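Structural features, examined
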Amino acid sequence: MSQWKRIQQLEIRHLEHVDYLYDDNFPMDIRQGLASWIEAQDWESASNDETVAAVMFNNLLSQMEKVRTQEQNFLQRHNMKIIHQQLQVKYSSNPALMARAISSCLKEERRILDSACLQEQGPLEKSLQNSVALERQKNMDNRVGVIRGSVQLMDQAVKFIEDMQDDFDFRYKTLQSRDATERNSDLMKQEVTRLQEMLNRLDYKRKEILSKMDVVVKEIDDVVTSQLYPELQDWRRRQQIAAIGGPQLTGLEQLQNWFTLMVQSLFQIKRQLDKLGELVLKVTYESDPIPLQRPQMEERVKFLLYHLIKSSFVVEKQPCMPTHPQKPLIIKTGVQFTTKVRLLVKLPEVDYQLKVKTTFDKDLPPGRVSRQFFILTNNTKVMDIEDFSDGCLSVEFRHLQLKEKKYINGTKGNEGLLSVTEELHSLNFEACFTVQGLNIDLETCSLPLVVISNVSQLPGGWASVMWYNLLTDEPKNLCFFANPPRANWSQLSELTMLGEKLLGQHVSCSDYQVSWSRFSKENSPGKPFSFWMWLDSILELIKKHLLPVWSENYIMGFVSKETERTLLKDKEPGTFLLRFSESHLGGITFTWVDRGDNGEVKFNSVEPYTKNRLSALPFADIIRDYKVISDGVVPENPLKFLYPDIPKDEAFGRLYNSHFPYH
């Protein structure tokens with residue numbers, strides 16, 4: 001398996017790191033489109049040889065052009081053309097720089113893969129949770145297996161009844177065809193007695209099969225209600241958590257298998273009931289159990305089938321803009337987004353093509369939002385069978401776009417109640433079809449969406465998406481932010497990969513709660529920005545400029561100045577630590593300890609480095625080349641040991657951009 005395919009199978013938290021690697025220096029579109037070719041080249045050697053780098057750069061451009069000409073999608077062809085031009089401008093005069101960028105990304109990918117492998121063995125608690133889930137799955141498999149076996153046996157029982165009835169029908173008609181003078185003979189009386197015994201046995205078998213059907217249908221009802229629907233609900237909840245950076249979502253194939261087996265069993269029982277209905281047309285009698293019990297049982301089977309199939313219509317991939325794959329459920333007007341729905345049932349032949357229609361904010365309560373939108377692009381597609389899905393139907397909408405409706409006299413209705421990023425919307429999916437005489441209306445919807453019109457609204461939108469999916473499992477509470485609930489510290493610690501470090505000092509305060517307003521709107525005490533703006537700026541700083549250092553766990557990150565001094569005061573002179581600035585948005589600083597001639601402990605800090613300074617020079621190089629001029633002494637680097645006692649070059653050596661100091 002290629003390295004890129006292995007990368008794509010990682011959990012979301014690892015994919016976050018991968019996402020940070022790719023920008024204009026080496027776009028992910030190229031990594032995706034030329035994955036195999038890129039991995040087959042020796043970029044490390046090319047980065048140290050201008051001639052080889054020039055050849056490989058030209059080869060890369062040729063490969064890109066080849067992929068572009070084969071691309072069917074116009075927008076993708078256009079994007080590839082733009083990237084092709086950008087790379088020519090950026091690297092034509094220095095192809096070795098491109099080779100270094102690609103080599104660095106491939107190395108970092110391998111490091112992330114190695115890290116993911118090491119983390120596969122979870123703690124005891126995770127192991128126990130997995131054991132419980134596995135036990136639950138085994139129990140479900142066993143119950144479904146027993147149901148399938150019972151239904152197969154009922155097939156045989158119905159066939160036996162049919163054969164028995166055919167024998168009875170033949171003997172009865174034969175007796176009826178005899179001459180009237182023979183009907184009082186002893187032989188005829190014996191035949192009548194035999195026919196009565198056969199009818200009694202037929203009646204017993206009819207009652208027996210109906211009783212068995214009743215037991216199996218009740219068992220299916222119980223399995224669906226007590227286990228299958230809760231498993232589906234659990235999957236939906238895990239999908240919410242996965243959307244905001246939780247573990248990679250799994251389990252859909254298992255759900256699909258259970259749904260399909262339950263539906264197949266019910267369709268099989270429906271056919272058995274149809275067969276019993278046919279048998280009644282040939283042979284019936286007083287107190288015949290089939291006409292008495294079959295209609296009610298058939299209604300129960302149809303009811304279960306209808307609701308099972310409706311429940312199996314799910315949003316497999318929540319709406320997401322390809323430009324922001326790690327921030328789903330935020331849609332910008334005029335920007336394409338993708339989504340995918342799936343039917344978790346392998347159906348018998350349907351009567352016609354199953355078309356799925358998407359609508360936006362269907363049945364939205366009037367006056368709830370200030371803005372309204374419509375889908376600009378084609379909103380109907382036909383479901384198709386995917387090869388790997390074992391016959392199940394799905395459809396992916398890849399080029400949907402939203403446009404805001406125009407308002408009369410410029411009025412937007414209910415303005416001012418909620419901010420743009422607090423207004424929640426939904427994408428709805430509908431389909432209808434007939435299968436084996438059963439009319440099915442399918443309907444499902446996405447998780448609540450935030451619609452923005454400017455990328456500057458993205459941080460606020462992402463805060464809303466996280467707050468919603470963290471604090472509720474309701475699939476469509478579009479009024480959530482009219483009265484948003486509070487979150488306690490333990491819940492907040494799940495928000496991002498920074499949560500545990502950020503809230504470490506509060507972990508014991510599980511009853512301490514934070515309001516939505518305090519989290520995202522109110523300025524932090526003594527600061528001109530909110531907690532969320534501060535946190536989001538740090539996330540961006542890590543993503544764009546600090547990922548290599550962060551990935552090595554060299555940034556202590558979220559510690560106060562007081563804690564910082566407590567940690568450093570007893571350390572060797574020149575010991576330093578890295579932390580995020582409390583007073584600047586998106587800033588990182590370092591502090592080192594020193595001692596005066598009298599042994600007095602001194603702490604020295606630098607002004608925070610922000611994206612502007614870090615765009616010019618990698619942070620590791622800044623640490624390597626940092627100099628202090630004091631009392632006319634020759635400048636020297638005061639940074640000796642990364643806290644607690646790691647020699648600076650040992651810690652950062654492999655992260656340095658070159659072997660020469662920066663001037």
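For the structure, see preceding data.
Throughout what follows, the structure given in this document is the object of discussion.

Conventions used here
Residues numbered from 1 in each chain as written. Predicted model: local features only at pLDDT ≥ 70, side-chain atom pairs only at ≥ 80, totals over all residues. Heavy atoms only, no water. Helix = DSSP H or I, 4+ residues; strand = E, 2+ residues; numbered from the N terminus. Buried < 20%, exposed > 50% of the residue type's maximum accessible area, 1.4 Å probe, protein only. Contact = heavy atoms within 4.5 Å. Areas by Shrake-Rupley, 256 points an atom, 1.4 Å probe, with all protein chains shown as cover. Pairing = 2+ DSSP bridges. Phe/Tyr/Trp six-rings, centres within 6.5 Å; stacked < 30°, edge-to-face > 60°. Axes fitted to C-alpha atoms, helices over the stretch in contact; angles between N-to-C directions. Parallel < 35°, antiparallel > 145°, perpendicular 65-115°, else oblique. Nonpolar A, V, L, I, M, F, W, Y, C, P; charged D, E, K, R; others polar. Salt bridge = Lys/Arg side-chain N within 4 Å of Asp/Glu carboxyl O. Core = buried A, V, L, I, M, F, W, Y, C linked by side-chain atoms within 4.5 Å.

A few words on the overall build of the protein. Looking only at helices and strands, the protein has 21 helices and 20 strands in total. Burial status across the protein gives 45% buried among its 663 residues. Expressed as a percentage of contacts within the protein between residues at least 6 apart in sequence, the contacts between residues at least 24 apart total 71%. Of the roughly 34500 Å² of accessible surface on the protein, 50% is carried by carbon and sulfur atoms.

In spatial order, the strands read S1-S3-S8-S7; together these four strands make up an open sheet with antiparallel pairing. Since the sheet does not close on itself, it has two edges, and those belong to strand S1 (313-320) and strand S7 (384-385), each with one partner. Here S1 pairs with strand S3 (residues 337-343) via five bridges, running antiparallel. Among the inter-strand pairings, Val-314 is bridged to a residue of S3, identified as Arg-342.

A few words on the packing of aromatic side chains. What describes a pair of aromatic rings is the distance from one ring centre to the other and the angle between the planes of the rings. Counted by the stated rule, this structure contains 18 aromatic pairs. Here the aromatic rings of Phe-576 and Phe-652 are separated by 6.3 Å at their centres, their planes lie at 20°, and the arrangement is stacked. Taken together, the residues span a long stretch of sequence, with Phe-576 in strand S16 (residues 575-580) and Phe-652 in helix H21 (residues 648-652) at a distance of 76 residues. Phe-652 shares its class with Phe-576; the two are buried.

Looking now at the packing of helix H6 (residues 50-70) against helix H7 (residues 74-91). As a packed pair, H6 and H7 sit with axes 10 Å apart at the nearest point and diverge in direction by 170°. As summarised for this structure, H6 and H7 are arranged roughly antiparallel, according to the angle between their axes. On H7, the residues that touch Phe-57, Leu-60, Leu-61, Met-64, Glu-65, Val-67 and Arg-68 of H6 are Arg-77, Met-80, Lys-81, Ile-83, His-84, Leu-87, Gln-88 and Tyr-91. Among the residues making up the contact of H6 with H7, the classes are represented as nine nonpolar, two polar and four charged.

Let us now look at the pattern of salt bridges. Under the counting rule described, the total for this entry stands at 34 salt bridges. Residues Asp-163 and Lys-159 are paired through a salt bridge, measuring 3.0 Å at the closest nitrogen-oxygen approach. Here Asp-163 and its partner Lys-159 are both found in helix H9 (residues 124-177), four residues apart, which amounts to about one turn of the helix. Lys-218 serves as the salt-bridge partner of Asp-214, at 3.3 Å between the closest nitrogen and oxygen. Note that Asp-214 and Lys-218 are positioned in helix H10 (residues 186-243) at a spacing of four residues, about one turn of the helix. Look at Asp-214 and you get partly exposed, because its relative accessible area is 21%. In this structure Lys-218 comes out as partly exposed when scored by relative accessible area, which is 47%. Salt bridges here are not isolated pairs; linked through shared partners, they connect Asp-167, Arg-171, Glu-191 and Arg-194.

For the rest of this paragraph, the subject is the side chain of Ser-464. Note that Ser-464 resides in helix H13 (residues 458-471). Non-local contacts of Ser-464, meaning those with residues more than four positions away in its chain, are made with Thr-421, Glu-422, Val-450, Phe-481 and Trp-516.

With that settled, the discussion passes to the environment of Pro-608. Tracing the backbone through its elements, the reader meets Pro-608 in the loop between strand S18 (601-605) and helix H19 (611-614). The buried category is assigned to Pro-608, whose relative accessible area is 13%. Placed 29 residues apart in sequence, Pro-608 and Arg-579 show a C-alpha to C-alpha distance of 9.4 Å.

The next subject is the nonpolar core. Counting 139 residues, the largest nonpolar core has Val-356, Leu-578, Ile-588, Phe-590, Phe-619 and Phe-652 as its most contacted members. Examining the composition of this core, we find that 17 residues originate from one element, H10, more than from any other. Contacts of Ile-588, omitting those with residues within four sequence positions, involve Leu-541, Leu-546, Ile-555, Leu-578, Arg-579, Phe-580, Ser-581, Pro-608, Tyr-609, Leu-614 and Phe-619. Leu-10, Phe-26, Met-80 and Ile-83 belong to the second largest nonpolar core, which has 35 residues in total.

Most of strand S10 (residues 427-435) sits out of view: seven of its nine residues are buried. As judged from the four bridges shared by strand S4 (residues 355-360) and S10, these two strands associate in the antiparallel manner. By the bridge assignment for S10, Thr-358 is matched with Phe-429. The sheet contact formed by S10 and strand S11 (residues 438-445) spans eight bridges and is antiparallel. Of the residues in S11, the one forming a bridge with Cys-432 is Asp-441.

Another point: the sheet that holds S10. The sheet built from four strands is open, its strands ordered S6-S4-S10-S11 with antiparallel pairing. Looking along the sheet, the strands with just one partner apiece sit at the ends: strand S6 (380-382) and S11. If you compare each strand with its neighbour and ignore which way they point, the axes differ by 20° on average. Taken strand by strand, helix H12 (residues 289-311) contacts S10 and S11, and its axis lies near 30° from that of S11.

The subject of this paragraph is the environment of Cys-445. With respect to the helices and strands, the residue Cys-445 is situated in strand S11. On a C-alpha basis, the gap between Cys-445 and Lys-476 in space is 8.0 Å, while along the polypeptide they are 31 residues apart.

Once that is clear, we can look at unusual backbone geometry. Among all residues except glycine, the phi angle is most often negative; among peptide bonds, the trans geometry is most common. Residue Pro-644 is bonded to the preceding Tyr-643 through a cis peptide linkage, with omega at 5°. When you line up the elements, Pro-644 lands in the loop between strand S19 (641-642) and strand S20 (646-647). Residues other than glycine seldom take positive phi values, yet Leu-329 does so here, at roughly 70°. Tracing the chain through its elements places Leu-329 in the loop between S1 and strand S2 (330-332). What makes Leu-329 buried here is its relative accessible area of 0%. Phi at Asp-361 takes a positive value of approximately 55°, unusual for a residue other than glycine. In this structure, Asp-361 sits in the loop between S4 and strand S5 (373-375). Owing to a relative accessible area of 11%, Asp-361 belongs among the buried residues under this scheme.

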